[in-house]
Amino acid sequence: MSVNAETEAADPQSADGREDIDAPPPGQSFGGYLLRKVGGALISLLMVVLLGFFAFRILPGDPVQKIARERQMSPEQMELLRAEYGLDKPLVVQFWDYLVGIFTGNLGTSYVYREPVSQLIAEYAWPTLLLTGSAAILAIGLGLWMGQLAAWKRGSLFDKLTTSTSLVFWSVPTFWLALLLLMIFAGRLQWLPTGGMVSPGVESGSLEHVVDVAKHLILPVITMTAVVYAQYLMVMRASLLGEMSADYLTTARAKGLREDDVRLKHAVPNALLPTVTLVFMHIGGLITGAVTVETVFSWPGLGKLTYEAISGPDLPLLQGTFVVFSSAIIIMNLLADLIYRQLDPRVRRA
Amino acid sequence: MLSHTLRRCAAGTMALALTALTATSLTAPASASTEQASADESTMRIATSGQVDNFNPFTSIYLTPTAINRYVYENLVQYDSTDFGPTEGLAESWETSDDGKEWTYTIREGMKWSDNEPITADDVVYTYTQMMEDPAMGAANGSLVQNFDTVEATDEHTVAITLKEPQAPNPGVEIPIVPEHIWSEKDDPAGDDNDTEVVGSGPYTLESYEANQSITLKANPNFWRGAPKVDTIQYAYYTNSDAQVQALRAGDVDFVTGLSPEQLKALEGADNVETNIGESRRFTALGINSGAETPEGEAYGTGAEALKDLKVRQALRLGIDMDTLREQVMQDYATEATSFVPESFEKWHLPKSDRIVSSDPEAAKKLLDEAGWTEGSDGIREKDGEKLSLRLLTDAQEPTEQTIGEFLTPWMKDIGVDLKVESSDSDTISDRTTAGDYDMYITGWSVTPDPEFQLSINTCASRPDAEGNGPTSQDGYCSETFDELYAKQHTELDESKRVEYVHQALQQHYDDVAQITLWYPNQLEAFRSDRFTGFTTQPTDGGVIGNQSGYWGFLSAEPAAEADAGDGGGGLSPIAWVGIGIAVLAGAIGVPLALRRRKSDDRA
């Protein structure tokens, strides 16, 4: 199961986003293409639903025994817990309940929180989206912008500098970078808070609240941005390099356009195409959060929720997050496929 | 050319720089709000990562809410801070009938709940009766009232508990008493999360709970021992323990517990931080499969035949250099162990005597010889063509367990035992030990102040069936002698005699080598001495502040008289840390520069 946006992303070195797209066979109609893609996505979704139930039950460990570990519990108490969790029913019945639940939008009730899983996911999605969304916007903006500059001046000091810097950050373990930033800027310098999303006691909705959340956001966002922007930079750079020898640029220059205009108005729009896939994959991964970053910075988001569900093991919560996360990624991939086809006439007419 | 490049470069890192600028401009100290609050009201912040199911004392089974409810609800009888002995709770005194079946408690007069309603015997009766009559209300503590026959309020201030069978351990401990006037009004008391408008009787009441963010407790002015001096206790969520340490350094939290030896050492020199190395309630042991059997005597599992031989088990213990192991693995943050009742329970702990052996590999070899295991050509002992090979299960996620394995392997080899360390995850280990599919594994328990429960899970009757259903057993141990001693201590009302029986039982368990107790780990904690003082440890002598069996740790705490906000000397200056920070964020930029072999051919 993939719950980590960082691991989700493509390798920037081999990064030409086009590889991730199955080019439709020449001459295929849009209807057929759509059917094939949607059908594939539906099959994937079905697999996710099946896997969501069985994968976590194959794992060793009895949730009730784990919860009751080192506690003075009588066999009767354990039986009561088992019944409360529905674990006393035969596996087939449990699976049926799960299936019916999924198709009626009911993902079950968390063992630990005693709240509907769908409600928990909805609650914890906001902090996660705030974090991953801010980081994604920064990473995409920074990566694309630096990537196109680097390509335009390939071989220059700037190119080498930005490319290698981004790759160094890409290679740095997220956990390590996060702890280091935490230690320096929160622990020692005390410029920023050491964890959480909001200081306790801050009135919600006030300006103070906004500023407080922003302060808590800085370190995790820097960490997440630093470790992923490289892929945008590399894809953009590679893609723009491919365009640089194109004839239409010579034409544009011949028309007497300034170099910046040639780049920004002619070359970059064409070079942007391969990054579309990347962006959509990234959006699909937004909701899965970033377990590592959320854990180090104690961010109360979905990543942390999942992390704790695993240690539970809180089976309904695990199943629910697994199904929701995987579905988000599958749907976003489908959208990327469809939109890419619309955006790039060459794929359509090939 | 270069300046152009630099300009581009500066622009390129604009986003990062902007973020950093925002950071600086927003840099009011991160703990400003807490500091302002402390001017008129004191708030102690405690770092936690504990999961919370709910705060319902009838159903909550997680550690963190259980620990918090100790501060919110007074019990009938408390464990004291000096030596865990039973002491006054809601009851100011109690009497036991000679046969140990009738326990009569006198409830102190004039006590009030936090909503000013009087606390009476009816509240006690209501609480116990709920747990006895409704299994759902006994979800958390039902086993504690299993032996209760009737509970009655003979008058407004007297509660009489009649037990089914006599027992020596005080039945009034551990169970939080709730206000009847609140709980009898709830539609579904067992399903209630009890995290809003909580009415309690302990030193603090639960003010608010934000899942995965904070838990806020407010001092209860009606607490019968007097209101605590710290007005607010706030648990702040820090998932990562290194982040907890940084939060303590930064003053974002005032107390952390459960530190690793490395973290404790790092904090020992820190400004305004004091550490506490406390004797905990835990033991760590090498669990031995000396022949898993169901209560009906049916053998199951894959335990090595050799381990059924007492001499082999004795030899294993003699082959372990306990002192070295403790010093190396725990960096000496652990106490020397005898049996499974830790030394912090001084009364019940099995004292050291000449019956407690120390490392002696030669004696170990002799015992193995006697048991018929003779040394083979490769140095590993054999009997009837079978090698003396044993499996040790370790949790791959626990570095200490890995280290234990590394130390034991050569020591076991030395006495001719081939030790195979099998590393896996805790769930697999739990499944395998339940199924008896192991020879040895590393285990541990937190023991309660009265050893009754821990002893009970070592009796023959406490063994589960082969599927792991039924009761819980510590080591699958079964001994008639032990069971007799357990039964005797269970009903012996004369405490000194009971202590004697408990010691005999522990000695029996030790002699039978049902497990090899390795050590009692210390609980490592640290607090901001510039903000708070006066914590009470349990036991008073060398005990712990957090995770107590009581409410003493923070009850006596008070704000430090003169808060020293200065950074003080020592360590690197802030400017140096700014330097390091910039170096890290921009450090990678230097790498390509250094790697650059030729001058840039800037095409711009």
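In this convention, every chain numbers its residues from 1, walking through the sequence in written order. Think of it this way: whatever chain is written first is A, whatever ligand is written first is 1, and the rest follow in order. With the structure being a predicted model, the display of local features is reserved for residues of pLDDT at least 70 and the display and counting of side-chain atom pairs for 80 or more, all residues being used for whole-chain, interface and lining totals.

(A) Representation of the overall build of chain A in the model. The helix count covers DSSP runs of H or I at least four residues long, the strand count covers runs of E at least two residues long, and both are numbered beginning at the N terminus. Per the secondary structure count, chain A includes 16 helices and zero strands. We call a residue exposed when 12 or fewer other C-beta atoms sit within 10 Å of its C-beta, buried when the count reaches 20 or more, and partly exposed for counts in between; the C-beta positions come from the backbone. Here chain A, with 350 residues, has 47% of them falling under the buried criterion. It is the C-beta atoms, placed from the backbone, that decide contacts: two residues are in contact if theirs lie within 7 Å. Taking as baseline every contact in chain A between residues at least 6 positions apart, the subset at least 24 positions apart corresponds to 76%.

(B) How the structure looks around unusual backbone geometry. Residue Q538 of chain B is joined to P539 of chain B through a cis peptide bond whose omega torsion reads -5°. Position of P539 of chain B among the secondary structure elements: in the loop between strand 22 (532-533) and helix 17 (552-555). A positive phi angle, near 55°, is found at R114 of chain A, a position not held by glycine. Tracing the backbone through its elements, the reader meets R114 of chain A in the loop between helix 5 (91-103) and helix 6 (117-152). A residue is classified by how many C-beta atoms lie within 10 Å of it, and R114 of chain A, with 14 of them, is partly exposed.

(C) Here's a closer look at the sheet that holds strand 6 (residues 148-155) of chain B. All names here are of chain B. Strand pairing is assigned whenever DSSP detects at least two bridges linking the two strands. Read across the open sheet, the four strands follow the order 4-5-7-6; overall the sheet is antiparallel. The sheet is open, and its two borders are formed by strand 4 (91-96) and strand 6, each paired with just one other strand. Adjacent strand axes in the sheet meet at a mean angle of 20° when their direction is disregarded. Of the pairings in the sheet, the one linking strand 5 (residues 102-107) to strand 7 (residues 158-163) comprises five bridges and is antiparallel in character. Bridge assignment links Y105 to a residue of strand 7, and that residue is V159. Between N-to-C directions, angles span 0 to 180 degrees; the directions come from axes that are lines fitted to C-alpha atoms, helices contributing only their stretch in contact.

(D) Region of the structure containing the nonpolar core. The nonpolar core criterion groups buried Ala, Val, Leu, Ile, Met, Phe, Trp, Tyr and Cys residues into a set whenever they are joined through C-beta atoms within 7 Å. Formed by 228 residues in total, the largest nonpolar core has its most connected members in A139, L182, L219 and Y232 of chain A together with V124 of chain B. Top element by residues in this core is helix 6 of chain A. It accounts for 18 residues. In this view, Y232 of chain A contacts A139, I140, G143, L144, G147, T275 and L278 of chain A; residues no more than four positions away in its chain are not counted.

(E) How the structure looks around the confidence of the model for chain B. Residue and element names in this part refer to chain B. Per-residue pLDDT for chain B averages 86, and the proportion of residues at 70 or more is 86%. In the model, residues 1-39 has pLDDT below 50 throughout and makes 47 contacts with residues more than four positions away in sequence or in other chains. Across the predicted assembly, pTM comes out at 0.83 and ipTM at 0.80. Every residue carries a pLDDT, the predictor's confidence in it, which falls somewhere between 0 and 100.

(F) Expanded view of the environment of V48 of chain A. Residue and element names in this part refer to chain A. Turning to its location among the elements, V48 is positioned in helix 2 (residues 30-58). Separated by 173 residues in sequence, V48 and V221 have C-alpha atoms that sit 30 Å apart. Excluding its chain neighbours within four sequence positions, the residues that come into contact with V48 are V323, S326 and S327.

(G) Fine view of helix 8 (residues 174-188) of chain A. All names here are of chain A. Along its 15 residues, helix 8 runs 20 Å from first to last C-alpha, staying within 8% of the 21 Å computed at 1.5 Å per residue. We define the bend at each residue as the angle formed by axes fitted to the 7 residues ending at it and the 7 residues starting at it. Roughly 25° is the biggest bend found in helix 8, and it falls at L182. Taken across its 15 residues, helix 8 has 12 buried, putting it largely inside the fold. The set of residues buried in helix 8 consists of T174, L177, A178, L179, L181, L182, M183, I184, F185, A186, G187 and R188. Looking at the residues trailing helix 8, positive phi occurs at Q190, about 55°. Each helix should span, by expectation, one fewer than its residue count multiplied by 1.5 Å.

(H) Structural view of helix 11 (residues 361-370) of chain B. Residues and elements named next belong to chain B. Here helix 11 has its buried residues at A364, L367 and L368. Projection of helix 11 onto a plane perpendicular to its axis shows the buried side chains occupying an angular sector of 100°, all on one side. In helix 11, the exposed positions angled more than 90 degrees off the buried face are occupied by E362 and E370. Tucked inside the fold, the buried residues of helix 11 contact helix 9 (310-318) and strand 16 (381-383). Positive phi appears at G372, one or two residues downstream of helix 11, with a value of about 90°. Comment: arc refers to directions from the helix axis out to C-beta atoms.

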